[in-house]
Amino acid sequence: MKIEQIRNATLRIQYAGKHFLVDPFLGDKGSYPPFPNSARQDQNNPLSELPVSKEQLVEGIDALIITHLHMDHYDEAAKEILPKHLPLFSQNEEDAQVLRNDGFTNVTVLAKDTSFEGIRLIKTQGEHGRGEILKMTGLVCGVVFKHEDEKTLYIAGDTVWYAGVQQEIDAHQPEVIVLNAGDNQFLEGGSLVMGKEDVLQTHKAAPQATLIASHMEAVNHWALSRKELKAFADEQDFSEKLHVPQDGEAFEW
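Thresholds, definitions, all that
- Residues numbered from 1 in each chain as written.
- Predicted model: local features only at pLDDT ≥ 70, side-chain atom pairs only at ≥ 80, totals over all residues.
- Heavy atoms only, no water.
- Helix = DSSP H or I, 4+ residues; strand = E, 2+ residues; numbered from the N terminus.
- Rg over C-alpha atoms; globule rule 2.2 N^0.38 Å.
- Buried < 20%, exposed > 50% of the residue type's maximum accessible area, 1.4 Å probe, protein only.
- Contact = heavy atoms within 4.5 Å.
- Lys, Arg positive; Asp, Glu negative; His and termini not counted.
- Charge placed at Lys NZ, Arg CZ, Asp CG, Glu CD.
- 1 Å grid on protein atoms, 1.4 Å probe; cavity = no way out; pocket = protein on both sides within 12 Å on 5 of 7 lines; lining within 4 Å.
- Points joined across faces, edges and corners; volume = space filled by probe spheres on them.
- Nonpolar A, V, L, I, M, F, W, Y, C, P; charged D, E, K, R; others polar.
- Pairing = 2+ DSSP bridges.
- Polar contact = N/O pair within 3.5 Å; in protein donor to acceptor, adjacent residues only side chain to side chain.
- Axes fitted to C-alpha atoms, helices over the stretch in contact; angles between N-to-C directions.
- Right-handed = clockwise from strand over helix to strand, strands pointing away.

Some remarks on the overall build of the protein
So, point 1. When helices and strands are counted, the protein shows seven helices and 14 strands.
So, point 2. For the protein, the C-alpha radius of gyration of 17 Å lies close to 18 Å, the compact-globule estimate for 253 residues.
So, point 3. By its C-alpha atoms, the protein is 45 × 45 × 35 Å across when sized along the principal axes.
So, point 4. Within the span of the protein, comprising 253 residues, buried residues form 56% of the whole.
So, point 5. For the protein, restricting intrachain contacts to residue pairs at least 6 apart in sequence, the fraction spanning at least 24 positions comes to 63%.
So, point 6. Where the 23 positive side-chain charges of the protein centre and where its 40 negative ones centre are 1 Å apart.

What about empty space enclosed by the protein?
So, point 1. All told, the structure shown has one cavity of 30 Å³ or more when counted by the stated rule.
So, point 2. Size it by volume and the largest cavity reaches roughly 40 Å³.
So, point 3. In this structure, the largest cavity is lined by A9, L11, V22, D23, I155, G157, N180 and S214.
So, point 4. When its residues are assigned to classes, the lining of the largest cavity shows four nonpolar, three polar and one charged.

Description of the layout of surface pockets
So, point 1. Approximately 180 Å³ is the volume found for the largest pocket.
So, point 2. Lining of the largest pocket is provided by 14 residues; of these, F35, H70, H128, F186 and H221 occupy positions nearest its centre.
So, point 3. Here the residues of the lining of the largest pocket sort into six nonpolar, six polar and two charged.

Some points on the pairing of strand β1 (residues 2–7)
The side chains of a regular strand alternate, first on one face of the sheet and then on the other.
So, point 1. Most of β1 sits out of view: five of its six residues are buried.
So, point 2. Relative to strand β2 (residues 10–15), β1 runs antiparallel, the two sharing five bridges. Residue pairing for β2: K2 is matched across the bridge by Q14.
So, point 3. Counting the residues between successive antiparallel strands, the hairpin from β1 to β2 contains two residues, one of them, N8, with a positive phi of roughly 55°.
So, point 4. As defined by bridge partners, β1 adjoins strand β14 (residues 250–252) across three bridges and the pair is classed as antiparallel. When the sheet's bridge partners are listed, E4 is paired in β14 with A250.

A few points about the side chain of H172
So, point 1. Along the chain, H172 falls in helix α5 (residues 163–172).
So, point 2. Polar side-chain contacts of H172 include one of 3.2 Å to the side chain of K146.
So, point 3. Ignoring sequence-local partners within four residues, the contact set of H172 consists of I122, V144, K146 and T152.

Digging into the sheet that holds strand β6 (residues 107–109)
Note on sheets: strands pair through backbone hydrogen bonds, and any given pair is parallel or antiparallel.
So, point 1. Within the open sheet, the seven strands sit side by side as β6-β5-β4-β3-β2-β1-β14. Their pairing is mixed. At either margin of the open sheet sits one strand with a lone partner, and together these are β6 and β14. Recorded for the sheet is a direction-independent mean angle of 20° between the axes of neighbouring strands.
So, point 2. As paired elements, strand β4 (residues 63–66) and strand β5 (residues 88–90) share three bridges and run parallel to each other. Following the sheet pairing, L64 is matched in β5 by L88.
So, point 3. Contacting β4, β5 and β6, helix α3 (residues 93–101) runs over the sheet at an angle of about 175° to β6.

Topic: the pairing of strand β12 (residues 210–214)
So, point 1. The element β12 is largely enclosed, with a buried count of five among its five residues.
So, point 2. Alternating positions in β12 separate into two faces, T210, I212 and S214 on one and L211 and A213 on the other, with burial throughout.
So, point 3. As paired elements, strand β11 (residues 176–180) and β12 share five bridges and run parallel to each other. Following the sheet pairing, I177 is matched in β12 by L211.
So, point 4. For the handedness criterion, the β-α-β arrangement of β11, helix α6 (residues 196–205) and β12 is classed as right-handed.
So, point 5. Here β12 runs beside strand β13 (residues 242–243); their pairing, made up of two bridges, is parallel.

In structure tokens form, the structure reads like this:
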């Protein structure tokens, strides 16, 4: 297994001999307006360039996974650039129909046990915030990868820590967990994804797992920096189990 942090929640994953691109956010730096009602209204999104060219990023990809359709997970550039014939996995039929309308010809809705080239892809639950904000943020998912020759990988997606994440950890016992951990939020409504305390709760639920913090410092409404999360992990004595990658950094098992 190899996991490469690209930018925001975009990951390139090599797993059981297949290459996946997850949540493609491929626009040029500053090509979209800032998210409203949030910090850094003077900074356009994305806040950083891709660490590799778009052509390099797409080369060799066997399948796409789009956990939900928010712009920082699937943007206009992705719609234009991604090969439309690639197998694409979405969270539900509503998203799948949007993607088909965008020209993708091989869209599958993730289920509790979807198979791709011998790899099990298991849809997981998530909550994109807490309380009233959920009415605005909508449905999201994560995905667990399983194969007899690989460690079990859990990509939690855009979720905060809550009982559903605990349930997925208990059910699948992942050895590697990717968390969207930028504590992104608007001026009201609280965290939309995991903050540092959520990351700590995940570690406590899966103390043997390796955690990778994704979705950091890439869009204007981030509230937790890489530096702060690393310092917190040091203070709480779990830094040996947490990777906080820079864009373009990769890890292999």
